[in-house]
Amino acid sequence: MAISQFFELREIKDCRKYRKHIYCLPQVLDASFIAHFSFLGSPKITPFRQFVADAHDLLTIRSDTFGIELAGGLSGNDLFVTFGSKDQSLVDFLEDELRQWVTQSRTN
Amino acid sequence: MNTTQTIPSLTGEFHKNRNAFVVQGEPLIFHCHHYNTFLQLSLEETKHYLDVYPILQDSAQEIAYAQFSNYFESVPGLSAAERKQVVSQAFSEFGFGIVRLDELSSQGGTAVMPTEHYSATWMLKYGPRTAYDRGAALFATGFVAGATEAIFDRPLGYLEARQIECPTKGHSQCTVVVSPSLNKRSLEASPAEGVYEEFTPLVQPQDTGIRYEAIQNALTGMPIAGGQDGLIQAFGVTLTRHYANYYARISYRLLKAMEAKFGTDGVNIVKDLLVEAGHVCAFNTFGGIMESAEWNALIQPMISSREDWVHGIVACVNALGWGQWEIKELVPYQKLVIEVKSGYEANAYIQAFGQSEYPVSFLVTGGVAGIMNLIYNGDITETPELSEAYYDHVFKSSDKFSAQQTQCRAMGDQVDRFEATKR
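Everything numeric here is computed off the predicted structure, so don't read it as measured data.

**Student:** Explain the interface of chain B and chain A here, please?
**Tutor:** Size of an interface: often given as the accessible area lost when the parts come together. Listed per partner, the contact involves 26 residues of chain B and 25 residues of chain A. Note on chain B versus chain A: buried area summed over both sides is about 2000 Å², and carbon and sulfur give 59% of it. One can count zero salt bridges joining chain B with chain A. Among the elements of the structure, α4 (117-126), α6 (212-220) and α8 (293-298) of chain B are those that each provide at least two residues to the side of chain B that touches chain A. Element by element, the count of residues in the side of chain B that touches chain A is highest for α8 of chain B, at five residues.

As structure tokens, this is what we get:
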């Protein structure tokens, strides 16, 4: 498990043609996260809370251009990322954006 | 005449009194690509003993024909172009891929699939097929034949289809050629929902914080359909909203064919194959669900014990259209007893064959063992990588759980009942 001041990389799944990472973030997924990653695409919200009060609404942001899908519970700390290729630069790019969001969130 | 803007869509309804999602008379169920490809592979491995390819293709033709014939009868006046649009749209919504039917006529023609579920996921799971193999899109090939018959009001069996291009054989897309059948083929009408059971909704168990009905409502309300490529990516797997009768037909036709050829030995071979397919399904579909963002958001907040993981995945199963699963007994690390009402396997078997001399719900049998192996033999709570090595660890160790079907509706019992223990 890779730990940094910005996030914990909790899980890696190395599939044949793509990768999945699960990150544990120091801040919860919220409107600032959606705003920061809006360049990837429009957010889709699945309203789980209307069925189960303790649940998190599910946020999904998918970019076919970048080949990335982000998913996680709003107001939760876990972020599920699917990378559409094995290109390490895609991972580096996404993690750099995560660090920027965390830094901005801390200063706001 | 209806315009393209006003064609009623091929919509379905989730019936809570039997936990079935039915679209134009056909029950549809969720299954993942791991199960789909493994099941197909299992059938194809009998090709040296049986003529198995008609089983795989004709079953698809029969069911697609039934569904679209029902639909076109209920919406009269559609043009051929509009009917093709309905079929293409349904193909994508169900997660089978993208199919282009423009070149098809009442005498056949060519259909192309820029993306297709079986061929795309076969490449991911098993890699390319050999030069001697057929293409992987056996279901879609039969589907196209049956749908074309329905589009042009031809009788079932009038057309036949063969796949001539497949990404598993180096091509860029799937191409299927449809033509009038050279030989008379006796294809069978779909059993629709079969001999199903109606029941009152499950009473919330008192020994868990998992809210069964709320989970079912949340998941059946999710818009799970094919994306731009006509494939469904959800819960960490590639899903299809597939035909319950397709699974039943290919499984039980294989069973009967092997029984006819090899007697009891043949039955036992197929039982083992189909239960193993259930293990593969449980490992990948259930495991994928339990490691998904959806589980993390919806179900994880309700979990306070390892046993809640069992309740959580059973609650999810009750949204898949597989019938109603109910935990009757759970002894941590030792035993799981599940009863199933209106299971799609039993519904289809009883309709097609009547009474059986042996249990027939093989998918459930594998699935029940799978739940215990994931939660109490392995440890899905630690989100392990669902690799082949991990599969062997949880399903092939000497410490594994195995399941038996102890009661079977097809054998005359009141319920389908399954028990998983370490044997």
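**Student:** It is not clear to me how the side chain of Thr121 of chain B should be interpreted in this structure. Could you clarify?
**Tutor:** Residue and element names in this part refer to chain B. Here Thr121 shows up in helix α4. Accessibility expressed as a relative area gives 2% for Thr121, which makes it buried. Separated by 2.8 Å, the side chain of Thr121 and the backbone oxygen of His117 make a polar contact. Those residues in contact with Thr121, other than ones at most four positions away along the chain, are His33, Thr37 and Thr238.

**Student:** Help me understand the side chain of His21 of chain A in this model?
**Tutor:** The topology assignment puts His21 of chain A in strand β3 (residues 19-24). A distance of 2.8 Å separates the side chain of His21 of chain A from the side chain of Tyr23 of chain A, its partner in a polar contact.

**Student:** In this structure, what is going on with the pattern of salt bridges? I would like to understand it.
**Tutor:** Pairing between side chains of opposite charge can happen when the charged atoms of each approach one another. Residues and elements named next belong to chain B. Within this structure, the stated rule accounts for 21 salt bridges over all chains. Among the salt bridges present, the one from Asp58 reaches Arg185, with a minimum N-O distance of 2.7 Å. Note that Asp58 is positioned in helix α2 (residues 53-74) and Arg185 in the loop between β7 (174-180) and α6, a separation of 127 residues in sequence. Given a relative accessible area of 15%, Asp58 falls into the buried group. Note that Lys335 is salt-bridged to Glu329, the shortest N-O span being 3.5 Å. Under the relative-accessibility criterion, Lys335 is labelled partly exposed at 23%. Within this structure, Glu62, Glu188, Arg249 and Arg253 form a network of salt bridges that share partners.

Conventions used here
- Residues numbered from 1 in each chain as written.
- Chains lettered and ligands numbered in written order.
- Predicted model: local features only at pLDDT ≥ 70, side-chain atom pairs only at ≥ 80, totals over all residues.
- Heavy atoms only, no water.
- Contact = heavy atoms within 4.5 Å.
- Buried area = accessible area lost by both parts, 1.4 Å probe.
- Salt bridge = Lys/Arg side-chain N within 4 Å of Asp/Glu carboxyl O.
- Helix = DSSP H or I, 4+ residues; strand = E, 2+ residues; numbered from the N terminus.
- Buried < 20%, exposed > 50% of the residue type's maximum accessible area, 1.4 Å probe, protein only.
- Polar contact = N/O pair within 3.5 Å; in protein donor to acceptor, adjacent residues only side chain to side chain.

Read these as spatial facts, not as claims about activity.
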